[in-house]
Amino acid sequence: MMQTNILLCGVGGQGIVLASKLIAATAMAEDIPVKSAETIGMAQKGGSVFSFLRLGENLHCPMFAPKSADILIAFEPAEAVRMLPYLKDGGKAVVNTHAIMPVTAALKGSNYTGNEMTDHLKKKVSDLTLVDGSKACEELGSPKVLNMVMLGEVLKKGVLPFDLEKLEETMKKTVKPQFVQLNSKALRYREMA
Amino acid sequence: MHKEFLMGNAAIARGAIDAGLNVVSGYPGTPSTEVLETAAKNNDGSLYVEWSVNEKAALELSAGAAYCGAYSMVTMKQVGLNVASDPLMSLAYIGVKGAMIILVADDPGPISSQTEQDTRHFAAYSKLPCFDPSTVQEAYDMIQDAFEFSKKYKTPVLFRPTTRVCHGYASIEVKDKEERYINKPEGFVKDASKWVIFPRLSYNSHIHIEKRNAELTEVFSEYKKNFIISETIKDYKRGIATHGISYTYTMEALDGIDSPRIMKVSTPFPFPEALALKFLEGLDEVLCIEELDPVIEKELIYVCGKYHLNVRIYGKVTGNVTPAGENTILSVYNNIAQFMGLEEKKPENDNDAPELPIRPPVLCAGCPHRASFYAVKKAMKGVKSVFCGDIGCYTLGNAMPLDMVDTCLCMGAGVNITQGIGKIEPDTKCFAFVGDSTFFASAITGVINAVYNQADMTLIVLDNSTTAMTGHQPHPGTGRTMMGQVVDKVDITAVLKGCGVSCIETVNPLKLDEAVECVKRVSSLTGVKAIIFKSPCAVLIKPEKPLFIDSEKCRQCKKCINELGCPGIVIKDGKVTIERSLCSGCGLCSQVCPFDAIGGADDAN
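### A closer look at the overall build of chain A
Within chain A, the regular secondary structure consists of nine helices and six strands. Of all 193 residues assigned to chain A, the portion counted as buried reaches 58%. Excluding contacts between residues fewer than 6 apart, the proportion of contacts in chain A whose partners are at least 24 apart in sequence is 63%. Here chain A displays about 8,100 Å² of accessible surface, and carbon together with sulfur accounts for 50% of that area. Averaging the positions of the 23 positive and the 20 negative side-chain charges in chain A gives two centres separated by 3 Å.

So this is what it looks like as structure tokens:
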């Protein structure tokens, strides 16, 4: 029986929860059982956010153990490094390169840029896709479509048990009608580039 | 039946509705909040839903409804049950006519709570049956069982999920609307021998409760959600007893291991003794995998003693399982590995990873609490003072650079802690900070106590007109109810006046100079005086245009960053910059800047 373990992570407010819900809903439409768990509460105030997502039969627990994720979907490079121990050997990663500075960095004068994180990821992950999410959002004209750009990249990896069109169908039922076209465009951003 | 993707808390609410729910009340608290919110969202008009002023009021309301034959549910987090424990203990003696669930969500970790208390103890203490689900599907099914037991035995029952069940999601089988049970309450039937608690009634009830619970340990031994897994066993001399989310960790961890016998306990009280005997039969050793306290472990030790069984019981008592915090699949794997003589797995440490930025929770950009704390800090500069905090977003005022919360204990405690400190340190200016929802929940009696007993202190009410911490629930100061009514607000100034507070001033904290002057003026008076800092929660209002920093005027002194710690002000390419996506234009930083370098959008253009 096929099982897929997915880990989404980033910083509160980046649209991670919606991305996770879209994958879950699409899997359900395909009759694949889904379990998931995510950070809730204080995390929304600029904290680290993650979502464990599991697709397949005979799963007991919404979380999975370290070294179990088939794919890591990281909306922020340091958060990718933080959750990297969950990626299985040979697992794939899709990572947004735009770094988000925590408030403590401004107070303590940290020089965190994100580059040190992507350099580390390049050493550790053989199948790594880096996404310039900021550039993509700028070209698409909205900071709110980062999650669709990321999902577009993820669907190219062949890890999810459905294709882009199936996810697009779910998205159309989920987002407000006036945003459907923009989100479709964002999902296909990779094809445009 | 059909499938839906639901959060554990939503599944509990939906299960309750499908079981015949008529009334649900509660007080918000992570990880329980979404139960009541889901019930409200699914209210077809037949439900009465209420965010009550606190857990005690909520429990009493649900009890009253159940006296009339209603199916009711009260929701709270574990520390909420401390507040509601007075009616809980007595209600256990009185019982109910319809059915009543007391939903109490426990928080191992703790992730967002003051304590790691275990509600399974409260079940034993109050002698009420308790249900403990492991998965989202089980929570949905089990809450319906809980209503049936409550109805049958005419007693309230406790239902206690933990955070990972409350906040987990799964695609589960739920009933169609037509399959719902509809309960029609008979109404209140007067009977003083039943509803009026007196020593004689309590004595008789006590006898009845003990008899019923003895019967329930038998009944629960047959309850299908308490079970032993024996088909897949390969290790015949060892057993694992577990519960809740730890049961799922155990099943994941056992993948590929010669499985010992497993017992899952879904009703920790009354403990299913006959089932436990069956489980223990022929075993040499048992490992108990639990979160919070060793409840099952001690029950098994008791059963072994009672029946003279020679089985060694391992767990928290013996130091084999960590006494505090959450379990994980990895920690449970290692507990099992140690128990079975297998090799433990080391945590995956990425030793050559670069230093990761820490993202502690902070007050939002534009949060009026930041301005309130800063105003009091400025006004009290050089003055010996103590700042007692309370429960809510504003507990985050303790973080640097504000550093304005010296104490925090439990809901509403700050008022009388301030009073106590003032009695011992009369030369200190004592301040109590309390949010508007916490004020209504449990600070009012404290204010009366302080006023009447001649305290000398300043009460600061941080009034952002919502319950922000748990996701913006209405309270008596908001003028809204969960039934969608727009009602008269309870006025905080009028309440304080009624309590005898002599001086009450209201000021907008975002007007910094006025706020500082107000604090200086009011705190110099004697007795109990109050300042209401009134400004809406930044998350709930449409943000103003973000501010700009005039690069010619800015001398990079970083006073804005070092004094306010607003996430909207960052350093980019070595320069102080306003993060446009976060700034709500509250203007506090522009009042702090000594060089007048921060201004509105128009100034920059």
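Further notes follow.
### Concerning the interface of chain B and chain A
Size of an interface: often given as the accessible area lost when the parts come together. In this assembly, 46 residues from chain B lie in contact with 45 residues from chain A. Of the roughly 4,000 Å² buried at the junction of chain B and chain A (both faces included), carbon and sulfur atoms supply 68%. Contact with chain A buries area across many residues of chain B, yet Tyr169, Glu348 and Arg359 of chain B alone supply 19% of it, more than any other trio. Here chain B is connected to chain A by four salt bridges. Residue Arg359 of chain B pairs with Glu76 of chain A through a salt bridge whose shortest N-O separation is 3.1 Å.

### Some points on the nonpolar core
Taken as a class, soluble globular proteins show a tendency for nonpolar side chains to be buried jointly. Counting residues in each nonpolar core, the largest one holds 78 residues, and the members touching the most others are Leu72 of chain A together with Met73, Phe131, Phe147, Phe159 and Ile336 of chain B. Looking at which domains feed residues into this core, each of domain 1 (2-216) and domain 2 (227-340) of chain B supplies at least three. Counting residues in hydrophobic clusters, the runner-up holds 72 residues, among them Ala106 of chain A together with Val451, Leu547 and Cys593 of chain B.

### Considerations on the sheet that holds strand S18 (residues 528-534) of chain B
All names here are of chain B. Ordered in space as S14-S15-S16-S18-S17, the five strands form an open sheet in which the pairing is parallel. For this open sheet the edge positions go to strand S14 (385-388) and strand S17 (503-507), each flanked by a neighbour on one side alone. The sheet shows a mean angle of 20° between the axes of neighbouring strands, direction not considered. In terms of strand pairing, strand S15 (residues 429-435) meets strand S16 (residues 457-463) through five bridges, oriented parallel.

### Points about the side chain of Thr267 of chain B
Residue and element names in this part refer to chain B. Looking at the secondary structure, you find Thr267 in the loop between strand S11 (260-264) and helix H12 (273-280). On the accessibility criterion, Thr267 (0% relative accessible area) is buried. Contacts of Thr267, omitting those with residues within four sequence positions, involve Cys130, Phe131, Phe220, Tyr223, Asn226 and Pro272.

### Side note on the packing of aromatic side chains
Tallied over the entire structure, the rule returns 23 aromatic pairs over all chains. Residues Phe52 of chain A and Tyr86 of chain A carry aromatic rings whose centres are separated by 5.3 Å and whose planes lie at 85° to one another, so their mutual orientation is edge-to-face. In this pair, Phe52 of chain A sits in strand S3 (residues 48-55) while Tyr86 of chain A sits in the loop between helix H2 (77-83) and strand S5 (87-96), placing the two residues 34 residues apart along the sequence. Since its relative accessible area comes to 4%, Phe52 of chain A is described here as buried. Under the relative-accessibility criterion, Tyr86 of chain A is labelled partly exposed at 23%. Here a set of aromatic residues connected by ring pairs shows up, and it is made of Phe131, Phe149, Tyr153, Phe220 and Tyr223 of chain B. The side chain of Lys21 of chain A reaches across the aromatic face of Tyr169 of chain B, ending 3.9 Å from its centre. Across from the ring centre of Phe339 of chain B, 5.9 Å away, lies the NZ or CZ of Arg238 of chain B, which sits over that ring.

### Let's talk about the domain arrangement of chain B
Residue and element names in this part refer to chain B. Looking at chain B, the domain boundaries give domain 1 (2-216), domain 2 (227-340), domain 3 (368-534) and domain 4 (548-603). If you average the C-alpha positions of domain 3 and of domain 4, the two centres end up 28 Å apart. Taken together, the contact pairs nine residues of domain 3 with twelve residues of domain 4. Around 850 Å² of area is buried between domain 3 and domain 4 when both sides are counted, 60% of it from carbon and sulfur atoms. Of all residues in domain 3, Arg370, Tyr374 and Leu510 bury the most surface against domain 4, accounting for 59% of the area lost on that side. Counting every contact that joins domain 3 to domain 4 gives zero salt bridges. Our enumeration of links across domain 3 and domain 4 arrives at four residue pairs in polar contact (both at pLDDT 80 or more). Every element with two or more residues in the side of domain 3 that touches domain 4 is listed here: helix H15 (368-379) and helix H19 (512-523).

### Some thoughts on helix H5 (residues 133-140) of chain A
Given 3.6 residues per turn, any residue in an α-helix points the same way as the ones three and four places further on. All names here are of chain A. Taken as a whole, H5 has its buried residues at Gly133, Ala136, Cys137 and Leu140. Looking straight down H5, one finds that the buried residues subtend no more than 95° of arc, so they occupy a single side. In this structure, the buried residues of H5 make contact with S5, strand S6 (127-131), helix H6 (146-155), helix H8 (180-187) and helix H9 (189-192). Backbone geometry just after H5 places Gly141 at a positive phi near 85°.

### With respect to the environment of Leu55 of chain A
All names here are of chain A. Mapped onto the secondary structure, Leu55 falls in strand S3. The buried category is assigned to Leu55, whose relative accessible area is 1%. Sequence-wise, Leu55 and Ile23 are 32 residues apart; in three dimensions their C-alpha atoms are separated by 9.3 Å. Contact partners of Leu55, with chain neighbours within four places excluded, come to Met2, Gln3, Thr4, Ile6, Ile23, Ala27, Ile32, Pro33, Val34, Pro161 and Phe162.

### Some remarks on the state of the cysteines
Residue and element names in this part refer to chain B. Evaluated as defined, the whole model comprises zero disulfides over all chains. Of all cysteine sulfurs in the structure, the one in Cys166 sits closest to Cys130, which takes part in no disulfide; the separation is 13 Å. According to the relative accessible area criterion, Cys130 is buried, its value standing at 0%.

### Looking at H19 of chain B
Residue and element names in this part refer to chain B. Taking 1.5 Å per residue, twelve residues should reach 16 Å; H19 reaches 16 Å between its end C-alpha atoms and fits that length. Within the sequence span of H19, burial applies to Leu512, Ala515, Val516, Cys518, Val519, Val522 and Ser523. Each buried residue of H19 lies within a common arc of 160° when the element is viewed along its axis, so the set occupies one face.

### Considering the packing of helix H5 (residues 85-94) of chain B against helix H10 (residues 199-222) of chain B
Packed helices, taken two at a time, are described by the angle their axes make and the gap between the axes. All names here are of chain B. Across the interface, H5 lies against H10 with an axial gap of 8 Å and an inter-helix angle of 75°. With respect to each other, H5 and H10 are oriented roughly perpendicular. Packed against H5, whose contacting residues are Ala92, Tyr93 and Ile94, the element H10 presents Leu201, Ser202, Ser205, His206 and Ile209 at the interface. Among the residues making up the contact of H5 with H10, the classes are represented as five nonpolar, three polar and no charged.

### A closer look at the sheet that holds strand S3 (residues 48-51) of chain B
All names here are of chain B. As summarised here, the arrangement of the six strands in space is S3-S2-S4-S5-S7-S6, forming an open sheet in which the pairing is parallel. Both edges of this open sheet fall to S3 and strand S6 (130-131), since each of them pairs with a single strand only. Looking at chain direction, S6 and strand S7 (residues 157-159) are connected through two bridges and run parallel. Bridge pairing in S7 places Cys130 opposite Leu158. Sheet strands touched by helix H3 (residues 55-67): strand S2 (23-26), S3, strand S4 (71-77) and strand S5 (99-105). Its angle to S4, the strand with the most contacts, is close to 165°.

The rules behind these values
- Residues numbered from 1 in each chain as written.
- Chains lettered and ligands numbered in written order.
- Predicted model: local features only at pLDDT ≥ 70, side-chain atom pairs only at ≥ 80, totals over all residues.
- Heavy atoms only, no water.
- Helix = DSSP H or I, 4+ residues; strand = E, 2+ residues; numbered from the N terminus.
- Buried < 20%, exposed > 50% of the residue type's maximum accessible area, 1.4 Å probe, protein only.
- Contact = heavy atoms within 4.5 Å.
- Areas by Shrake-Rupley, 256 points an atom, 1.4 Å probe, with all protein chains shown as cover.
- Lys, Arg positive; Asp, Glu negative; His and termini not counted.
- Charge placed at Lys NZ, Arg CZ, Asp CG, Glu CD.
- Buried area = accessible area lost by both parts, 1.4 Å probe.
- Salt bridge = Lys/Arg side-chain N within 4 Å of Asp/Glu carboxyl O.
- Core = buried A, V, L, I, M, F, W, Y, C linked by side-chain atoms within 4.5 Å.
- Domains from an automatic or database assignment.
- Pairing = 2+ DSSP bridges.
- Axes fitted to C-alpha atoms, helices over the stretch in contact; angles between N-to-C directions.
- Phe/Tyr/Trp six-rings, centres within 6.5 Å; stacked < 30°, edge-to-face > 60°.
- Lys NZ or Arg CZ within 6 Å of the ring centre and 35° of its normal.
- Polar contact = N/O pair within 3.5 Å; in protein donor to acceptor, adjacent residues only side chain to side chain.
- Arc of directions from axis to C-beta.
- Disulfide = S-S within 2.5 Å.
- Expected span 1.5 Å × (residues − 1).
- Parallel < 35°, antiparallel > 145°, perpendicular 65-115°, else oblique.
- Nonpolar A, V, L, I, M, F, W, Y, C, P; charged D, E, K, R; others polar.

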